[in-house]
Structure formats: structure tokens, C-alpha cells
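One letter stands for each residue in the lines below.
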Amino acid sequence: MYIKPASYGKKNGVWYASPGNQGWGNAGGGGGGSRLSRKPSVTEVDNMPSGSLKPSAGRVIRIINSHDHSVQCRVLLNLRTSQPFEEVLEDLGQVLKMIGAKKMYTSHGQEVRSFSQLRNEFAEVDTFYLSNTPTLPVGALGPGVIPPSPARRSRSRLGGSVPDDLSKTTARQRARSKSRPRVLYAPENELVRASSDYPLLDAMKEEPTRITIRGLRRTFYPPQHHPPIDNAPPDKKLSLFWVHGYRGIDSKRNLWVLPSGELLYYVAAVAILYDREEEAQRHYTGHTEDIMCMEVHPSRELVGSGQRAGRDRKSQAHVRIWSTESLQTLYVFGMGELDSGVLAVAFSQLNGGSYILAVDAGRESILSVWQWQWGHLLGKVATLQEGIWGATFHPLDDNLLITHGKGHLAFWHRRKDGFFEKTDIIKPPSKTFVTCVQFEPDGDVITADSDGFITIYSVDADGAYFVRMEFEAHNKAISCLVMLSEGTLISGGEKDRKIAAWDSLQNYRRITDIKLPESAGGVRTIYPQRPGRNDGNIYVGTTRNNILEGSLQRRFNQVIFGHGKQLWALAAHPDDEVFATGGHDKYVALWRRHKLIWTSSVGYEIISLAFHPYGAALAAGSSEGHLVVINAENGATMLTIRVCGSPLNCVEFNQVGDMIAIGSQNGSIYLFRVSRDGFSFKKINKIRGSQPLTHLDWSSEGNFLQSTTIDFDLLFWDVKSLSPEKSPIAMKDVKWMTQNSTVGFLIAGMWNNRYYASPANTIVSTTSRNVVQDLILSGDTDGYLRLFRYPCITPRAEFTEAKVYSGTLACVKFLHGNHSLVTVGGTDASLMIWELTEE
């Protein structure tokens, strides 16, 4: 993002113009800018004839609203700006409170199309009219003045005739200019207006800020007074405290139990080591993008994990080997070798895990083998398989690798020269989707597929594999197989939610099975609670991001709860360290830091949440246009209101809690009167809009709203008159209760920051300001969480940051007390608690 340097402004009551569009220099002569010479103020220039000024010094003109001649002002044009003429017209229109000014005319009806005409043809003209329509209406310039036909346009454009009063100007030599003038706003006493509730221009201490977002420039106007700017980094740092949930929705083979008894799994770019007895978590945060796969070393003291590729060189796809005891990274390999991500990793068995394999997620699905202690690449081969699902070493041969997936089961034998010999166990083409692989103690291969069948392959006397037996174990897909030490095979069904036990010593006779409740989801992965023991107790990770514990002889209990689908809604309690989340899984949950208080099924996909100021009620907006009112004490649904047919993207109560504003995908804001501590709602009206809204803020006194659109336009709304406020300048001094909107003058430095790795691509998706208004958080579409001082105005604002997401950071909120904050990850349904600690 880019903000054009200041080229005009006002200091100490005196207007200045910046020659060469250089911006303000350092008052002491140092720093980044050059010292500027003083230019005459508007009042001083106004007392001189406009023609007496040198071209390099600018010129004074009067501009008049062609629709309302009582609205007019005088401005000084800087002739050395690089700002396009069309943008100057927009600026002049803002001065006259005219939206979308497009045309400028002389008092004789001649259209002004460029700075060249102002400098030459119209050098003697000092009064101009602005219009926001394609053509100038008859009578807009006064009685008797008729707009000219196209044939009478200026000679510079169409070669037509020139009016007599401009003949002297056209005879002048036309100097070539490398830049165009820029408007300098007049002070309030220079502005003549009929009437208004708000002054259009106060004495502006700073110029407007312009930033470019997705190719479009947006202008934000400075308030007359705001806290001092401090570009130093905040004296707090972000420390990850807790990660809720489990990534079962789209991953596989992602749950282990370590010798310490800790559960090991991953969410987004974080590996979590969870100690149930101590109710504590440790986190490995060495990855810069989402973890795609993980495997525990045979020693169970090391872990290998692979990540997806990001946008820059620092976040290339690679594999990391790290210690479960110290959480220190021991080895990193694959930088520059792996393409878009790592589909699978696995350690060899016979040689103590000295080898590790990695499967690239690129087009050729390259299988590579590494001697990871030395970082040596032992060999690689392009499998050319589109649907690889996993890979592993054969437990009895470190040079035999097995890959499986869609229509694919192949053995790869690595020769001493590094080349691979391939044996297709399933001959292509085949519709069989092999989802997982296990082994019998004698080395026979056990596979499960998406049709619910388990197949056992044995080796004949010539070393060829053949199908020894096959049987239907589940309805549709089997997601995991686990071979216990006593010969019991456990299988988990993704679709039928069943866990079954089979006796491999008795020709795979079914021992027993159990079905998980629908709310838990299907089986994603299974791991024994105490590896090596035969007590039958297991952990189960589910497709709805939960982890359960139990056995086939008793019921399963929930150990970890996570939202099962996309998670976008988040609200912080007004006076307690409690927060609520709502997801596409139609659940709303209430949390106290790392403790789950309650969950409630509401029947609708929830995409927005807000606590009533008293904290007793919770308002939830759905993707189908329903407003659900929930009792925050117990999660009971108290009221459901059909607001409209579009998603309710944002809901916010005003400061006293007697009104709620609901921003919709259809661009309108719906207003409800609220009573009974947030449990009674009565619709007042709606303010019609056209652009989908994403964020809302109430003004402190409750008379106005500001909103961000899906295209990052900042819109203002008058609650009393039920109409959009069309003048951003008139709203520049309004105080806002929150800072949910992701754009604005006081947070412009979050967009165009010079310290970003790639500022041109940074899109801020969520913001949150603390109560004391000295810190502000931002989350972006690349997964960065950043903490700034507030206000954050300049691109030189420093920050502290953390990155544990690959996708959009959906929402971030400070918790009560300003010591903690919460982030939700959107599509991956991740939920994380952070603490602010001293640097």
C-alpha cells in the first residue's frame, strides 16, 4: 500500500504548500524530509490579484457549487504536484460537500479539463464552478449562461474557437510542466455555506491520508485532536498461552501420545503438547505456515513435521526435526527442494530412524529420502500421482517405501545408486482410494479404502505381493488403522462414526465395535492412551475437531472441544475474562481463557457475535439472516428474529445497550430497540445501503455508525435521520466506542507499513483496540497478528508480531483487563489465547 507524501497542510495557523510534493521537512533540519520555505497564507494571497502570482508559487481561485451557489470557497493551487487532475476535482468536491465531483467550468461555461488550461488558457479567470454530473445543467452558472456545445470547447482539446476574454492567454507561450497542481483547502472562515450541523473544515493540523487498497485509492481525514504519534514498538510482546480445538476437519494421522503422557497434535502452524493431568500446554512454534503432516521418531523423543509453502522465501515448504523435551529445532531440510507443501513424512524403523521421507505437494508429487542428521538427500523420484494420501517405510526394510492414495498403492525400492524401482500393487487405472496402511508383525501389508474394505497383502515365494484376504469393515471410508501389540487391529470409520476391533490371529474376526455420537463427528485418527499396554484405552481425534478418550467397552468422553467448521464469530465479555465463539457448525461456545464453560447448538451458521453491555445476553448473527439471542449464563436460546434474507456479517450494541445495529451482506444496517438487559428486541428501521458490510462501530454518544465494506470503503451513517452521512470530513472528529473497522486515519499505518515484508499485498482483515486506547491489534489475510501503539498513523510505526496461521485471521479481540487477547482463524476453525507480556 502507498500513501502519497504530504504536499500541503497547516502549521501554527499558517498554510504551507510543499514544492516538488516532498512533504513536511524536519523542523530541525534533520530526518527524512528537507526544510520547506514558508508560503503565503490563504488570507495573504487572497488580498493579492491572482494574476500577480508567479506560476511556480501557485494561484488562488474561487470554486462554487454549481447546484448551490451559497456553497463556495477560495483555494490555493500548488503547481508542482504529481496528483492527477481528476483527484483534485474530487478533493475540491469534498470541500464543497459534493460527492463525486467530475467537471469544472468557467463562468462562461467553458469546461476545464487539465492543469495546462488553468495555467495558460484560463490564467485570468479566478472563479470556477464544480459539477458532479456528466453535463452542466442549464442555469447552473446563473441566468442567461448556457453551457457551450462540444464545438465550442477549448482549443487545447478540440481546436474550437476561444472566447475573447481568453485571447491574451492563448497567445502566451505554453510552458511544459512535469507535474500538476494540488488543492490547498481554505480555513473554515473562508467557506461560505448555507447551514450545517457540523463544520465542514476546521483548522486542519494534518493533511488527509491516502492509501491504495486493491488498486483503489481511499482518502481518510484527520481529526482536529488525537493522541500524540509514537512510532516506537509497543512495550508488550505476544506470547501464545493456549490453543483450543484440534485439526481433524481436513488433516490425517495427527494424534500421538508421548512418553511423558502428553498428547501431541497440531493446529494451524502450531504443534501442541497437552498435559491433561497438569492442565497445561506447551507449544512448538518453529513453523511459519500451516503444518500439513507430522510423524514421531521411533525414539519418541523427536518429531518431524512438514509445512505448506507461503508467499516469501522465509516461508518455503520444508521439514523440521525438533525435540519434544526442549522444543528446540534440531534440523531443517527441504528449503528450495520442496514445492508447494509436504504431503507426508515418515521415519525409517530398522536403522533407528536415521532416514526420513517426504512427499512434495507439487504437480509431480516428488518422493524424497533424506539422512536428516547430515541433511543429505539420498534420492528422489517423481511419483506423478495426483492423489497421494500418505507414505511410509516398510518396518522390515529401510529401502522399501510405500505410497498410497487415489487409485494408487505402490512400492518403491531405493537402490544403492539412489534410483527407485516401482512396483504397482494396485494396477492403474483403479477407482480404489487407499486411505491408510498398517503392517502385521511378519511384514504383511494391511490397507483400508474409501469403500470401507480392509485388504491384507502377503508375499509369495517369488517376492510378489498378492491379496490374502479382503472384507468389508465399515460403511464407506475408513480413516485409520491401528495394530495393537497383542494382535488386535482397530479401524475407524469417517462416515459411519464407528470404531471396530478385529482379531488378526483369528482371521480378522470382529471382536466388538462402538459408534460415536453425531455431535462428535467421524473418526479421523486413533492412538492408544498408553502405548505398549493392552488395556484397550484409546484417544480418538474426530472430523469435527474434537478429541475423545475411552475404550470399546465404555463410553467416550470429550477431552478437547473445537468448532467443527469455519469459525468467524468472536465476542469478548464487557467486564470479565470470558469470550464467546460461533461457527458454521451451528454451535456457540462460551470460554473462560482455557476452560470451556458451555456449548449450545443454535440451528444456524453463526458468523457474528456481540455481548450486551451488561454481559447477560449474547446476540448472534447467522448466515441466513437470523438474529439469535442467547442467555450468556447457560447458553439457552431466548429469542430468534428473522432480520433479512442476507448474512448478518456484523452486530454491535451501542454503549448504553438500548440499541443494536446489524450490518448485512445486502449493504443495509438494521436497527433494533433493546430492553430487558438485552433480551427484548423491537425493530426500529433500517438504513439502506448498497455495498456488503463487514465491520461496525458505534460513536460514543450513539448518534452515528461507521462501517467497512467488503471493498474496504469507510462509510458513515446517521442513526437519527436514518440516512448515510455523505461527507467524510464532517465525521472526522467523531469519537468511536470501538475500532472494529479496518480502515481509517488513525490506523492507516497498519496498511502501508514500511517494515512489512511485502506491504503492497497486505490486507488487514480484523482490528481491535484496547479499552485505554493505547494499543491496537491487527490481523491480516496472510495470517500475521501484529500489535501496534495507538494511534497508528504513519508507515514508520513499529510493531511486534506473531504468525501461526496460513490463511486469513478472521477476528481478534482484547479480553477484559487488556492482559489477554483471542484470535480465530476462519476456515481452519482454530482458536488461540495470547498473553501480553513485558519485553
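Residues numbered from 1 in each chain as written. Predicted model: local features only at pLDDT ≥ 70, side-chain atom pairs only at ≥ 80, totals over all residues. Heavy atoms only, no water.

Turning our attention to the overall build of the protein. Secondary structure summary: the protein contains five helices and 62 strands in total. Across the 839 residues that make up the protein, the buried fraction comes to 57%. Counting only carbon and sulfur atoms, one obtains 47% of the accessible surface of the protein, whose full area is about 35200 Å². (Helix = DSSP H or I, 4+ residues; strand = E, 2+ residues; numbered from the N terminus. Buried < 20%, exposed > 50% of the residue type's maximum accessible area, 1.4 Å probe, protein only. Areas by Shrake-Rupley, 256 points an atom, 1.4 Å probe, with all protein chains shown as cover.)

Once that is clear, we can look at unusual backbone geometry. The omega torsion across Tyr 790 and Pro 791 is 5°, close enough to zero to call that bond cis. Examined against the element boundaries, Pro 791 turns out to sit in the loop between strand E58 (784–789) and strand E59 (799–803). Of note in this structure, Lys 476 is not a glycine but carries a positive phi near 65°. Even without being a glycine, Tyr 508 presents a positive backbone phi close to 60°.

Okay, the UniProt feature "repeat: WD" (unreviewed entry) in the protein next. Feature annotation in UniProt places "repeat: WD" (unreviewed entry) on residues 471–503 and 560–591, given in this structure's numbering. Secondary structure content for residues 471–503 is 0% helix and 61% strand, while the C-alpha to C-alpha distance between its ends is 13 Å. The span residues 560–591 carries 0% helix and 53% strand; its end-to-end C-alpha distance comes to 13 Å. (UniProt positions renumbered as here; feature names shortened; annotations may be inferred.)

This part covers the pairing of strand E43 (residues 595–601). In summary, the side chains of a regular strand alternate between the two faces of the sheet. Bridge count between strand E42 (residues 587–592) and E43: six bridges; the pairing is antiparallel. Note that in E43 the partner of Tyr 587 across the bridge is Ser 601. Remark: two residues form the turn of the hairpin made by E42 and E43, two consecutive strands paired antiparallel; Arg 593 in that turn has positive phi of roughly 55°. (Pairing = 2+ DSSP bridges.)

Let us now look at the sheet that holds strand E51 (residues 680–687). Pairing in this open sheet of four strands is antiparallel, and the strands run E48-E49-E50-E51 from one edge to the other. Since the sheet does not close on itself, it has two edges, and those belong to strand E48 (648–653) and E51, each with one partner. With direction set aside, neighbouring strand axes in the sheet form an average angle of 25°. Pairing between strand E49 (residues 659–664) and strand E50 (residues 669–675): five bridges, direction antiparallel. Looking at E50, one finds that Ile 660 is bridged to Phe 672. (Axes fitted to C-alpha atoms, helices over the stretch in contact; angles between N-to-C directions.)

On to the environment of Gln 94, then. Note that Gln 94 resides in helix H2 (residues 85–95). Sequence spacing of Gln 94 and Ala 730 is 636 residues, and the spatial spacing of their C-alpha atoms is 9.8 Å.

Attention shifts here to the side chain of Thr 800. With respect to the element layout, Thr 800 can be found in strand E59. Thr 800 sits in the buried class, given a relative accessible area of 12%. Those residues in contact with Thr 800 that lie beyond four places of it in its chain are Pro 234, Lys 236, Lys 237, Leu 238, Leu 785, Arg 786, Leu 787 and Glu 839. (Contact = heavy atoms within 4.5 Å.)

Per-residue pLDDT for the protein averages 84, and the proportion of residues at 70 or more is 84%. In the model, residues 1–57 has pLDDT below 50 throughout and makes 123 contacts with residues more than four positions away in sequence or in other chains. Within the model, the stretch residues 149–205 combines pLDDT values under 50 with 149 contacts to residues more than four positions away or in other chains. (pLDDT = per-residue confidence, 0-100.)

Turning to the pattern of salt bridges, a few remarks are in order. Enumeration according to the criterion identifies 28 salt bridges in this entry. As a salt-bridge pair, Asp 230 and Arg 789 come within 3.6 Å of each other at their nearest N and O atoms. Taken together, the positions of Asp 230 in the loop between strand E10 (216–220) and strand E11 (236–244) and Arg 789 in strand E58 put the pair 559 residues apart, joining distant regions of the chain. Take Asp 230: its relative accessible area is 37%, and that puts it in the partly exposed class. Here Arg 789 falls in the partly exposed class, since its relative accessible area comes to 24%. A salt bridge links Arg 282 to Glu 262, with the nearest nitrogen and oxygen atoms 2.9 Å apart. Residue Arg 282 is found in strand E15 (residues 280–284), and its partner Glu 262 is found in the loop between strand E12 (256–257) and strand E13 (263–267); the two are separated by 20 residues along the sequence. For Glu 262, a relative accessible area of 8% translates into the label buried. Linked by salt bridges that have partners in common, Lys 103, Glu 111 and Arg 113 make up one network. (Salt bridge = Lys/Arg side-chain N within 4 Å of Asp/Glu carboxyl O.)

Here we have four strands laid out as an open sheet, ordered E56-E57-E58-E59, and antiparallel in their pairing. Each edge of the open sheet carries a strand with a single partner, namely strand E56 (764–769) and E59. Strand-to-strand twist in this sheet, taken as the mean axis angle between neighbours without regard to direction, amounts to 20°. Pairing geometry for strand E57 (residues 775–780) and E58, over five bridges, is antiparallel.

With that out of the way, let us pick up the packing of aromatic side chains. Counting across every chain of the model gives 20 aromatic pairs. Aromatic side chains Phe 788 and Phe 799 sit 5.2 Å apart centroid to centroid with 50° between the ring planes, which places their arrangement in the tilted category. Here Phe 788, found in strand E58, pairs with Phe 799, found in strand E59; they are 11 residues apart in sequence, far enough to count as distant. Looking at Phe 799, the relative accessible area reads 16%, which means it is buried. (Phe/Tyr/Trp six-rings, centres within 6.5 Å; stacked < 30°, edge-to-face > 60°.)

In this sheet, strand E39 (residues 554–560) lies alongside strand E38 (residues 547–551) in antiparallel orientation, the contact comprising four bridges. Along E39, the bridge assignment pairs Ile 547 with Ile 560. Taking the residues between adjacent antiparallel strands as the criterion, E38 and E39 are bridged by two residues.

On the secondary structure map, Ser 107 appears in the loop between strand E5 (103–106) and strand E6 (111–112). Sequence separation between Ser 107 and Tyr 129 is 22 residues, and the spatial gap between their C-alpha atoms is 7.0 Å.

To continue, consider the nonpolar core. The biggest cluster of nonpolar side chains holds 46 residues, and the ones touching the most others in it are Leu 238, Tyr 265, Ile 547, Leu 821, Met 832 and Trp 834. A total of five residues in this core trace back to one element, the largest contributor, which is strand E62 (residues 831–838). The residues that make up this core include at least three from each of domain 2 (458–560) and domain 3 (567–838). Not counting chain neighbours up to four residues away, the residues in contact with Leu 821 comprise Leu 238, Leu 777, Leu 785, Val 812, Lys 813, Phe 814, Leu 815, Met 832, Ile 833, Trp 834 and Leu 836. One finds Trp 751, Tyr 756, Ile 776 and Phe 788 within the second-largest nonpolar core, a separate group that totals 26 residues. (Core = buried A, V, L, I, M, F, W, Y, C linked by side-chain atoms within 4.5 Å. Domains from an automatic or database assignment.)

Glancing now at H2. Burial within H2 is extensive, with nine of its 11 residues counted as buried. Turning to H2, its buried residues are Phe 85, Glu 87, Val 88, Leu 89, Asp 91, Leu 92, Gly 93, Gln 94 and Val 95.

Before going further, it helps to spend a moment on the side chain of Ser 820. Positionally, Ser 820 belongs in strand E61 (residues 820–824). Here Ser 820 falls in the buried class, since its relative accessible area comes to 2%. At 2.7 Å, the side chain of Ser 820 and the side chain of Arg 593 are in polar contact. In this structure Ser 820 touches Glu 577, Arg 593, Phe 814, Leu 815, Trp 834 and Glu 835, once residues within four positions along its chain are discounted. (Polar contact = N/O pair within 3.5 Å; in protein donor to acceptor, adjacent residues only side chain to side chain.)

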